Structures are given as structure tokens and as C-alpha cells.
Amino acid sequence: MSAKTVIHLRAESKPLEHRSALTPTTAKALLDAGYEVRIERSEQRIFDDAEFEKVGCPLVPEGSWTEAPADHIILGLKELPEETFPLKHTHVQFAHCYKNQGGWADVLSRFPAGNGTLLDLEFLQDESGRRVAAFGFHAGFAGAALAVGVWAHQLSHPGKEFSGVKPYPNEDALISHIKGVISATGRQPRVLVIGALGRCGKGAVDLCLKAGIDESNILKWDMAETAKGGPFTEIVESDIFVNCIYLSQPIPPFVNKESLNSPNRKLSVVCDVSCDTTNPHNPIPIYTVNTTFDKPTVPVELSSEPPLSVISIDHLPTLLPREASEAFSHDLLPSLLQLKDRKEARVWKEAEKLFDEKVATLPN
């Protein structure tokens, strides 16, 4: 065993993923607390390698986590590349395999096969059951921005596909762009946000307000408004629908192909920030694929106007990678500081217990 607990930040392999679980600031805080922090070189991470080197972190080759000693903790954000070799390390990341998503068993089974452990970032909770760190606010913010951008594009370039987008250097640049495209349409969209009281929904509403959309044109729905069960005509009669709920149990669909046949339909953009695409209980069963930043929308086949596009990007916060990473890593830091005592620290003990429970459900 190493004298110090070693945290190995792997380079993200998902295309166009620029966020980071650690920032130079949080990496230095871990160093100061006695951890050894190794940073894989990465050309796509929003923080330059030199920023980590400057605070005292050694740089190691990209992808070298596979050869790291088994007691090193591998920290990342998005899922690992689709491989089959067993995993021998403790991995701290978002794995997207605890809710019966497509291919969940293939992902999860790699950990017990190599005597490794998954401590899933999505399920780290404080004493009150609230997630210790989440990208929700920036996911909602970025998702609403893209949705408004697609809506404006539909009006100004009818019949032309919305092209790929790249991350913005900061929030001001994004807001300036969205204000401009709204202004060019000569009108404002009516936006319905479901999950408006959560982190994600608050981000979506915040984007709309900062972009200059009148509050009267922003419908903020949460559990009270959806309690009666969908589909909801209010969604179909809005221009934009932004779904920000956290799906924890089966619910009636918010919208479906039948409700979209309404003669009163104005809906032309759906942004499914929650992105439960492969979840069998997805409340937006009108699309089947995730979209990407280089191809942000997928059309819904309908026989009536207007055309309808769905945005289903599963790493939306990377549209604002620096701010999103700084906020997330700041919130995650208190838990990371407990990793050296993870067998006793409540947040990590519960994460490992959940892992063991999920492994027990793997098919034989």
C-alpha cells in the first residue's frame, strides 16, 4: 500500500467532454490535506495540464490509469470506454448503470470481475438524502440555452438542420448569443420547465430570465402540477419543453405521439435534460437515441407542422465546462477529503453498500 492515499484523475474519453472532476483549486486542497494527486494529461480538458502542474500535481500519460497500482483511486466523470477487461481499482465516476439503463449489466459486471469497486457520483448523498454534488444547475442552464437556440434557428432557417455547437468560454458569451438569436426572431418563446424547483430546473429558468424571456412566458412546473398525470396539453401548446425531473419511479408520459397530434400544437423543441433515453420508464417516449454536441437534435416523425426536434445530450454542462467543473468540484471536495477514511466515512460507506446491492442483482 502507498504511504499516502493516491487519487488518479483520468482523462475523459467521451468526445467533446471538457469538464473535470478536479480543478487546480480542488487538487491543491487535496494535496494540502496529505493526498497524492496524479493528473493524466488531456488535450480536451478545460483546464490546461500546466494549471495542475503549477499547484504541484505530477502529470502522467493519458490512459495510464489502467496500469496504476490497484490501491490507487481512479477519479473521473463520464463512463469509461466500452471495453470488457475486468476493473481492479476503486472508481469514482458517473457510470449510468444503476437504473437498468441499456447495457447496465455489461458495465457493472466489470467491477466484481476484477475485484474493483464503483462509487457512483450520482448516488453520493448527504445526511438529508440530497446529492453532495451535482451538475444539475448547469445541465438545465445549458439545455435551456440549446433549446432556445434550436427554436430560433427553426424560425430563421426553416427546413435547415441545426448545426453542431462548441463549448462557450464563459456564461456571458452564451447569454449574449442567446439574446441575439431571440431578438432576431422578433418574438419570445413560451417555455415550459418541468422540475422547476430542483437544481436542474432552476438552471433552466435562470437561463430563460437572463436571456430576456418575460417571466409570464416561462411556465415553472414541479410535482404539484404533474400530480394528475400526463400527457399534458400545456406542453404541446408551448414552444419549448425542458424536462428536468429526476426519474425515480414509473410515471405516466408527459407527452407522447398521440398528444402531439393536437391541432393546437405549437411545440417545436423538446430538451430532455434528464436524458433517460434508455430507461424503460422514460416519460418522453417520442425519441430513442441520445444526441451529441456535433449533432444536437433528432427529429420526431410527425404528419403535422411545426417540425419537432428533440435534444437529448447526456453531458450538457460541458457547454460551460469551466464554471460547471468549478461548481461541481467545489461541492464534491468535502467528500473527496474523506476518501482516505472511506471505509468509515458515511458517504462512501453508503456508496459502497449501494454498489454491493446492485452487483447482487446482476444476472448469473
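Figured I'd write up the structure that's included with this text.

**Some remarks on helix 4 (residues 136-156)**
And then number 1: Between the first and last C-alpha of helix 4 there are 30 Å, a value that for 21 residues agrees with the 30 Å anticipated at 1.5 Å per step.
And then number 2: Counting buried positions along helix 4 gives 18 out of 21 residues, so the element sits mostly inside the fold.

**Some points on the sheet that holds strand 3 (residues 59-60)**
And then number 1: Read across the sheet, six strands follow the order 3-2-1-4-5-6 without closing on themselves; strand pairing throughout is parallel. Bordering the open sheet on either side are strand 3 and strand 6 (117-120), each of which pairs with just one other strand.
And then number 2: In the sheet, strand 5 (residues 90-93) pairs with strand 6 via four bridges, with the strands oriented parallel. Opposite H91, over in strand 6, you have L118 as the bridge partner.
And then number 3: Strands in contact with helix 10 (residues 346-359) are strand 5 and strand 6; relative to strand 6, the strand with the most contacts, it is inclined by about 120°.

**Observations concerning the state of the cysteines**
And then number 1: Tallied over the full model, the rule gives zero disulfides.
And then number 2: Take C97: it sits in no disulfide, and the sulfur closest to it among the cysteines is that of C275, at 16 Å.
And then number 3: Looking at the unpaired C244, the closest cysteine sulfur is the one in C200, lying at 3.2 Å.

**Digging into the environment of A345**
And then number 1: Structurally, A345 is set in the loop between helix 9 (321-336) and helix 10.
And then number 2: Judged by relative accessible area, A345 falls into the buried class, the value being 8%.
And then number 3: Here the alpha-carbon distance between A345 and L108, two residues 237 residues apart in the chain, equals 23 Å.

**Re the packing of aromatic side chains**
And then number 1: This model, assessed by the stated rule, comprises 11 aromatic pairs.
And then number 2: Ring geometry for Y98 and F123: centres 5.2 Å apart, planes at 40°, overall tilted. Pair noted here: Y98 is in the loop between strand 5 and helix 3 (104-113) and F123 is in the loop between strand 6 and helix 4, with a separation of 25 residues, a long-range link.
And then number 3: The exposure class assigned to Y98 is buried, which follows from its relative accessible area of 6%.
And then number 4: Here F135 and F328 contribute two aromatic rings whose centre-to-centre distance is 4.1 Å and whose plane-to-plane angle is 5°, an arrangement assigned as stacked. Of this pair, F135 sits in the loop between strand 6 and helix 4 while F328 sits in helix 9, and the two are 193 residues apart along the sequence. Just as F135 is buried, F328 falls in that class too.
And then number 5: The cationic tip of R110 hangs over the ring face of F85; the distance from NZ or CZ to the ring centre is 4.6 Å.

**With respect to the sheet that holds strand 9 (residues 240-243)**
And then number 1: Strand order in the open sheet formed by six strands is 8-7-9-10-12-11, with mixed pairing between adjacent strands. Across the chains shown, the open sheet's two edge strands, defined by having one partner strand only, are strand 8 (218-221) and strand 11 (297-300). Adjacent strand axes in the sheet meet at a mean angle of 20° when their direction is disregarded.
And then number 2: Alignment of strand 10 (residues 269-272) against strand 12 (residues 308-311), held across three bridges, turns out to be parallel.

**Focus on the packing of helix 1 (residues 24-32) against helix 9**
And then number 1: Two elements in contact, helix 1 and helix 9, have axes separated by 10 Å at closest approach and are oriented at 15°. Compared by their axis directions, helix 1 and helix 9 come out roughly parallel. Considering the relative orientation of helix 1 and helix 9, their crossing is right-handed. Residues T26, A29 and L30 of helix 1 lie in contact with helix 9, whose contacting residues are S329, H330, L333 and L336.

**Considerations on the side chain of R110**
And then number 1: Mapped onto the secondary structure, R110 falls in helix 3.
And then number 2: Among buried charged residues, R110 stands out as having no salt bridge; its nearest opposite-charge side chain is E83, 6.2 Å away.
And then number 3: Reaching out from R110, the side chain makes a polar contact with the backbone oxygen of P81 at a distance of 3.5 Å.
And then number 4: Among residues more than four places away in sequence, those in contact with R110 are L80, P81, E83, T84, F85, P86 and L87.

Analysis parameters
Residue positions are given per chain, counting from 1 as you read along its sequence in written order. Confidence filtering applies because this is a predicted model: local features only for residues at pLDDT of at least 70, side-chain atom pairs given and counted only at 80 or more, and all residues used for totals across whole chains, interfaces and linings. Calculation of side-chain values draws on the structure's entire complement of heavy atoms; hydrogens and water are dropped beforehand. Helix and strand assignments come from DSSP, with helices taken as H or I runs of at least 4 residues and strands as E runs of at least 2, each series counted from the N terminus. Expected helix span is given by 1.5 Å per residue-to-residue step, counting one fewer step than there are residues. Three labels apply to residues, based on accessible area from a 1.4 Å probe with only protein chains included: buried if under 20% of the type maximum, exposed if over 50%, partly exposed otherwise in between. Pairing between strands is defined by DSSP: at least two bridges between the two strands are required. Residues count as neighbours in contact if any of their non-hydrogen atoms are within 4.5 Å of one another. Lines fitted to the C-alpha atoms define the axes, with helices restricted to the stretch that makes contact. Angles between their N-to-C directions range from 0 to 180 degrees. We call a pair of cysteine sulfur atoms a disulfide whenever their separation is within 2.5 Å. Aromatic pairing here means that ring centres of Phe, Tyr or Trp (its six-membered ring) are within 6.5 Å. Orientation follows from the plane angle: under 30 degrees is stacked, over 60 is edge-to-face, and everything else is tilted. Geometrically, a lysine NZ or arginine CZ counts as sitting over a ring once it is within 6 Å of the ring centre and also within 35 degrees of the ring normal. We call two directions roughly parallel when the angle between them is under 35 degrees, roughly antiparallel when it is over 145, roughly perpendicular when it lies between 65 and 115, and oblique otherwise. When the near helix sits turned anticlockwise from the far one by under a right angle, the crossing is termed left-handed; a clockwise turn instead gives a right-handed crossing. Charge assignment in this entry is limited to Lys and Arg as positive and Asp and Glu as negative, and neither His nor the chain termini are counted. We count a salt bridge whenever a side-chain nitrogen from Lys or Arg sits within 4 Å of a carboxyl oxygen from Asp or Glu. In protein, a polar contact requires one atom able to donate a hydrogen and another able to accept it; more generally it is a pair of N or O atoms within 3.5 Å, and residues adjacent in sequence count only if both atoms are side-chain atoms.

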